[in-house]
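What follows is each chain in one-letter form.
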Amino acid sequence: MSRFLDLFINLQEKVDEFEAAERRLAGVPDWMAELHEEHSARKERIEELKQTIETAATERLEAENAVVELEAKRDRYQEQINQVSTQREYGALLAEIDATRTHLEEQEAKKRTSVERREEAQAELVTEEEGFAELDERYRVELEKWEAEKPSVAKQAKGLKKAIDEIRAQLPRPYLARYDRIAERHDGQALAPVHRLERTNKRSPDIWHCGACNYNVRPQVVVELTSSGSFLLCDSCKRILYLPPDAGEGEEDES
Ligand SMILES: [Zn+2]
């Protein structure tokens, strides 16, 4: 059984490495993550500003058209003033003229705001684009470097996949199925190392805990792991427990 636990530890290592390589291939490597983030954020801001400029331009045009229409409407009403015969018609016409004036003011204000917004965005865009040019160049250089590195990472991932398949082939089906089920529940992390708690009093008995969830591991479980290397689960998170090589380091004889 101990042989299997070692194989599972090996399997977990390979799976972790494989997934790290896959993640890197799908995105960018750690060494350019920061630059990538900055580049993406500033690129997004530039796009936002361009969008603002475009929207403001459309709004301005709409307001300008509305102003032309409302002015014509107002002029028509004013011409009609001389043609009305009753006081009631006159009053109604004045009310229409008033309402049209209010709409005109609203549209004029809308026009001014959209012009201001466009100018502000344009000014920020100039500054953003100036700063971005240098960043973009640096990004391009790093991206090229990463593209050159990619094939070797892909090759590494392929090798890891092969190693994973080989290890899996050596493991009995029921164990493998169990491992897979546990891994599925824990985001691919089926194993948990057992750690010994630092003691202040050297004379007190050893206290062990699960490296994944921190829950206590019973001494009996540790004994079984040492002696048989059995397939034992953490009482709390139900991951497969193992003793890392340095788990018992500095363990002194209590007698
Ligand atoms: Zn646990």
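Above this text is the structure in question.
The following paragraphs examine the structure supplied in this document. Starting afresh in each chain, residues are numbered from 1 along the sequence in its written order. Reporting of local features is limited, given that this is a predicted model, to residues whose pLDDT is at least 70; pairs of side-chain atoms are given and counted only at 80 or more, and all residues count toward the totals for whole chains, interfaces and linings. Values shown for side chains rest on all heavy atoms present in the structure; no hydrogens or waters enter the calculation.

### Let's talk about unusual backbone geometry
As a rule of thumb, non-glycine residues mostly have phi less than zero, and peptide bonds are mostly trans rather than cis. With a phi close to 55°, D187 is a non-glycine residue in the positive phi region. Summarising the element assignment, D187 is placed in the loop between helix 4 (173-185) and strand 1 (191-196). Despite not being glycine, K238 has its phi angle at roughly 65°, a positive value. A run of H or I in DSSP becomes a helix once it reaches four residues, and a run of E becomes a strand once it reaches two; helices and strands are each numbered from the N terminus.

### Some points on the sheet that holds strand 3 (residues 216-217)
Across the sheet, which stays open at both edges, the 4 strands sit in the order 3-2-1-4 with mixed pairing between neighbours. Edge positions in the sheet fall to strand 3 and strand 4 (240-242), since each of these pairs with one other strand and no more. In this structure, strand 1 lies alongside strand 2 (residues 208-210), joined through 3 bridges in antiparallel fashion. Bridged to V194 within strand 2 is C210. DSSP bridges decide pairing: two strands pair if at least two such bridges lie between them.

### Focus: the packing of helix 2 (residues 33-80) against helix 3 (residues 87-170)
Axis separation between helix 2 and helix 3 bottoms out at 6 Å; the angle between their running directions is 160°. With respect to helix 3, the axis of helix 2 lies roughly antiparallel. Regarding helix 2 and helix 3, the two cross each other, and that crossing is left-handed. Amino acid classes used here: Ala, Val, Leu, Ile, Met, Phe, Trp, Tyr, Cys and Pro are nonpolar; Asp, Glu, Lys and Arg are charged; the rest, including Gly, are polar. The class makeup of the residues in the contact of helix 2 with helix 3 is 20 nonpolar, 11 polar and 25 charged. Here, axes are lines fitted to C-alpha atoms. For helices the fit covers the stretch in contact, and angles between N-to-C directions go from 0 to 180 degrees. An angle below 35 degrees is read as roughly parallel, one above 145 as roughly antiparallel, one from 65 to 115 as roughly perpendicular, and any other as oblique. A clockwise turn of the near helix away from the far one marks a right-handed crossing, whereas an anticlockwise turn of less than a right angle marks a left-handed crossing.

### Some thoughts on the pattern of salt bridges
In a structure, side chains of opposite charge can pair up when their charged atoms sit close to one another. One speaks of a salt bridge when a side-chain nitrogen belonging to Lys or Arg is within 4 Å of a carboxyl oxygen belonging to Asp or Glu. Enumeration according to the criterion identifies 17 salt bridges in this entry. Notably, a salt bridge pairs E59 with R117, separated by 2.5 Å at the nearest N-O pair. Of this pair, E59 sits in helix 2 while R117 is found in helix 3, placing the two residues 58 residues apart along the sequence. Relative accessibility under 20% of the residue-type maximum defines a buried residue, over 50% an exposed one, and the middle range a partly exposed one, all with a 1.4 Å probe and only protein chains included. Owing to a relative accessible area of 33%, R117 belongs among the partly exposed residues under this scheme. The closest approach of N and O atoms between D180 and R168, which form a salt bridge, is 2.6 Å. Pair noted here: D180 is in helix 4 and R168 is in helix 3, with a separation of 12 residues, a long-range link. When its relative accessible area of 28% is taken as the criterion, D180 is described as partly exposed. By relative accessible area, which is 27% here, R168 ends up partly exposed. Among the charged side chains, a network of salt bridges with common partners joins E38, R42 and E128.

### Observations concerning the coordination of the zinc ion
Perfect tetrahedral coordination of a metal by four donors corresponds to 109.5 degrees between them, and perfect octahedral coordination by six donors corresponds to 90 or 180 degrees. Donor selection uses N, O and S atoms within 2.8 Å of the metal (3.2 Å for Na, K and Ca). Since no water is included, sites may look incomplete. All of the protein donors around the zinc ion are C210 (SG), C213 (SG), C234 (SG) and C237 (SG); their distances to the metal are 2.3 Å. Coordination at the zinc ion comes from 4 donor atoms whose angles at the metal span 102 to 113°, giving a geometry best classed as tetrahedral. In terms of primary sequence, the donors binding the zinc ion are separated according to C-x2-C-x20-C-x2-C. With a gap of 27 residues between them, C210 in strand 2 and C237 in the loop between helix 5 (219-227) and strand 4 connect regions that are remote in the sequence. A relative accessible area of 10% places C237 in the buried class. When four donors show all angles between 85 and 135 degrees the site is tetrahedral, when four or six donors have opposite pairs over 155 degrees and all other angles between 65 and 115 it is square planar or octahedral respectively, and in every other case it is irregular.

### Describing helix 3
Every helix has an expected span of 1.5 Å times one less than the residues it contains. The end-to-end C-alpha separation of helix 3 is 103 Å, well short of the 124 Å expected for 84 residues at 1.5 Å each. E149 marks the point of greatest bend in helix 3, at about 35°, and the proline P151 comes within the next four residues. Here the bend at each residue means the angle between axes fitted to two seven-residue stretches, the one ending at that residue and the one beginning there.

### Concerning the environment of K14
Mapped onto the fold, K14 is located in helix 1 (residues 2-26). In this structure the C-alpha to C-alpha distance between K14 and Y215, which are 201 residues apart in sequence, comes to 26 Å.

### Here's the deal with empty space enclosed by the protein
Method remark: on a 1 Å grid restricted to protein atoms, a set of points is classed as a cavity if a 1.4 Å probe fits but cannot get out and as a pocket if it is open with protein on both sides within 12 Å along at least five of seven lines; lining residues have an atom within 4 Å of a point. Grid points are joined across faces, edges and corners, and a volume is the space filled by probe spheres set on the points. Within the structure shown, the criterion is met by 1 cavity of 30 Å³ or more. Empty space within the largest cavity amounts to approximately 30 Å³. If you go around the largest cavity, the residues you meet are N216, V217, R218, V221, L233, C234, D235 and L241. Of the residues in the lining of the largest cavity, the class split is 5 nonpolar, 1 polar and 2 charged.

### Details of the environment of K50
By the element assignment, K50 lies in helix 2. Judged by relative accessible area, K50 falls into the partly exposed class, the value being 37%. Between the C-alpha atom of K50 and that of L243, which follows or precedes it by 193 residues, the distance is 57 Å. In this analysis, two residues are considered to be in contact whenever any of their non-hydrogen atoms come within 4.5 Å of each other. What K50 contacts, discounting residues up to four positions off in sequence, is L125 and E129.

### Some remarks on the side chain of T100
Tracing the backbone through its elements, the reader meets T100 in helix 3. With residues near it in sequence (within four places) discarded, T100 still touches L70, K73, R74 and Y77.

Any functional reading would require information beyond the geometric quantities listed.
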